[in-house]
Protein chains: 2
Amino acid sequence: MSFRTHLEQVVGQVEGAVACSVMGFDGIAIDTYQVNDPGLDLPAMLVEYGSILGKLKEAAAALQAGLVTEVSISTDRLSTIARLLTQEYYIVLALTPEGNWGKARYALRVAAPKVKAELG
Amino acid sequence: MSFRTHLEQVVGQVEGAVACSVMGFDGIAIDTYQVNDPGLDLPAMLVEYGSILGKLKEAAAALQAGLVTEVSISTDRLSTIARLLTQEYYIVLALTPEGNWGKARYALRVAAPKVKAELG
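Rules used throughout
Residues numbered from 1 in each chain as written. Chains lettered and ligands numbered in written order. Predicted model: local features only at pLDDT ≥ 70, side-chain atom pairs only at ≥ 80, totals over all residues. Heavy atoms only, no water. Helix = DSSP H or I, 4+ residues; strand = E, 2+ residues; numbered from the N terminus. Rg over C-alpha atoms; globule rule 2.2 N^0.38 Å. Buried < 20%, exposed > 50% of the residue type's maximum accessible area, 1.4 Å probe, protein only. Contact = heavy atoms within 4.5 Å. Areas by Shrake-Rupley, 256 points an atom, 1.4 Å probe, with all protein chains shown as cover. Lys, Arg positive; Asp, Glu negative; His and termini not counted. Charge placed at Lys NZ, Arg CZ, Asp CG, Glu CD. Pairing = 2+ DSSP bridges. Axes fitted to C-alpha atoms, helices over the stretch in contact; angles between N-to-C directions. pLDDT = per-residue confidence, 0-100. Phe/Tyr/Trp six-rings, centres within 6.5 Å; stacked < 30°, edge-to-face > 60°. Lys NZ or Arg CZ within 6 Å of the ring centre and 35° of its normal. Core = buried A, V, L, I, M, F, W, Y, C linked by side-chain atoms within 4.5 Å. Parallel < 35°, antiparallel > 145°, perpendicular 65-115°, else oblique. Nonpolar A, V, L, I, M, F, W, Y, C, P; charged D, E, K, R; others polar. Polar contact = N/O pair within 3.5 Å; in protein donor to acceptor, adjacent residues only side chain to side chain.

A. Summary view of the overall build of chain A. A count of helices and strands for chain A gives three helices and five strands. Counting from the amino terminus, chain A carries its helices and strands in the arrangement α-β-β-α-β-β-β-α. Rg of the C-alpha trace for chain A: 13 Å, near the compact-globule value of 14 Å for 120 residues, within the 12% margin. C-alpha extents for chain A along the principal axes are approximately 35 × 35 × 25 Å. Looking at the 120 residues of chain A, the share that counts as buried comes to 51%. Put simply, of all contacts in chain A between residues at least 6 apart along the chain, 57% involve residues at least 24 apart. Counting only carbon and sulfur atoms, one obtains 51% of the accessible surface of chain A, whose full area is about 5200 Å². In chain A, which carries 10 positive and 13 negative side-chain charges, the distance between the mean positions of the two groups comes to 8 Å.

Printed below as a string of structure tokens:
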């Protein structure tokens, strides 16, 4: 299976999902599957969030708070949930504020090990 | 009612809750109610997370992604959910990874306007 198939599966099973992406902490997306245009510059947003995720990962490590596994950011227009795959990559799902949050976290938790396996 | 009463109510109704705090983006806690010691330097962690929240708030504003309303960070040892109250303050709840996440988000959503009212 390709990355794309996993991303499509995540987006397909979460009500309100807008896009799903496998990204590197360097800000470069490996693959993105986008279904709706929420009127936002989503790629730019994901890159910006990615740089914040990176800082956060370092901060958490320094504090020995454990390994960061998941980070979510909600605005009044969009929610994003990111799940770490490796020290270099993460999978991120964007959904509308009315979207199914519980399902989104679950879908990412299930998809993460599969996508990780593809990263080889 | 005081801040403390609201914080106690949040912690009391969420399974796995460890601490709840009203904090400023300057890193100073107005009030904290802590029930369990998860073996972490929780106050230091909350301050560190707060500075990341601040950066994130700016990034989201710059991207016109809307007003950041909620941010969560999960590690393998602790989950934290922060909900913005004003441009200066936020309420944050820490819970164990096994804690009730849905209830935690709900409790913060209900408590936020009450705590905000106390901020005057």
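B. Layout of the sheet that holds strand β5 (residues 89-95) of chain B. Here we have ten strands laid out as an open sheet, ordered β2(A)-β1(A)-β5(A)-β4(A)-β3(A)-β3(B)-β4(B)-β5(B)-β1(B)-β2(B), and antiparallel in their pairing. Every interior strand has two partners, whereas the edge strands, β2 (29-34) of chain A together with β2 (29-34) of chain B, have only one. Neighbour-to-neighbour, the strand axes of this sheet turn through a mean angle of 10°, independent of strand direction. The pairing of strand β3 (residues 68-75) of chain A with strand β4 (residues 79-84) of chain A spans five bridges and is classified as antiparallel. Within the sheet, the bridge partner assigned to Ile 73 of chain A lies in β4 of chain A and is Thr 80 of chain A.

C. Region of interest: the confidence of the model for chain A. For chain A, per-residue confidence averages 85 on the pLDDT scale, and 91% of positions sit at 70 or higher. The ipTM for the predicted assembly is 0.83, set against a pTM of 0.87.

D. The packing of aromatic side chains, seen in detail. Under the criterion given, the structure shown has two aromatic pairs over all chains. Consider the rings of Phe 25 of chain A and Tyr 90 of chain A, whose centres lie 5.0 Å apart with planes at 40°: the pair is tilted. Of this pair, Phe 25 of chain A sits in the loop between β1 (17-24) and β2 while Tyr 90 of chain A sits in strand β5 (residues 89-95), and the two are 65 residues apart along the sequence. In this structure, Phe 25 of chain A and Tyr 90 of chain A share a single accessibility class: buried. A cation sits over an aromatic face here: Arg 105 of chain A above Trp 101 of chain B, 3.7 Å from the ring centre.

E. Structural detail: the nonpolar core. Ile 91 and Leu 93 of chain A together with Cys 20, Ile 91 and Leu 93 of chain B are the most contacted members of the largest nonpolar core, which has 40 residues in total. Those elements that provide at least two residues to this core are α1 (3-13), β1, β5 and α3 (101-119) of chain A together with α1 (3-13), β1 (17-24), β5 and α3 (101-119) of chain B. Residues in contact with Leu 93 of chain A, not counting those within four places in the same chain, are Val 10, Val 11, Val 14, Ala 17, Ala 19, Cys 20, Ser 79, Thr 80, Ile 81, Ala 104 and Leu 108 of chain A. Core analysis: the next-biggest nonpolar cluster, separate from the first, contains 39 residues, Leu 46, Leu 53 and Leu 78 of chain A together with Tyr 49 of chain B among them.

F. Summary view of the packing of α1 of chain B against α3 of chain B. Residue and element names in this part refer to chain B. Two elements in contact, α1 and α3, have axes whose closest approach is 10 Å; the angle formed by their N-to-C orientations is 175°. When the axes of α1 and α3 are compared, the pair comes out roughly antiparallel. Two secondary-structure elements touch here, α1 through Phe 3, His 6, Val 10 and Gln 13 and α3 through Lys 103, Ala 107, Leu 108, Ala 111, Lys 114, Val 115, Glu 118 and Leu 119. When the residues that make up the contact of α1 with α3 are grouped by side-chain class, the tally is seven nonpolar, two polar and three charged.

G. Geometry of the side chain of His 6 of chain A. Residues and elements named next belong to chain A. Residue position: His 6 is located in helix α1. Residue class for His 6 comes out buried when judged on its relative accessible area of 4%. In terms of polar contacts, His 6 uses its side chain to reach the side chain of Glu 118, at 3.0 Å.

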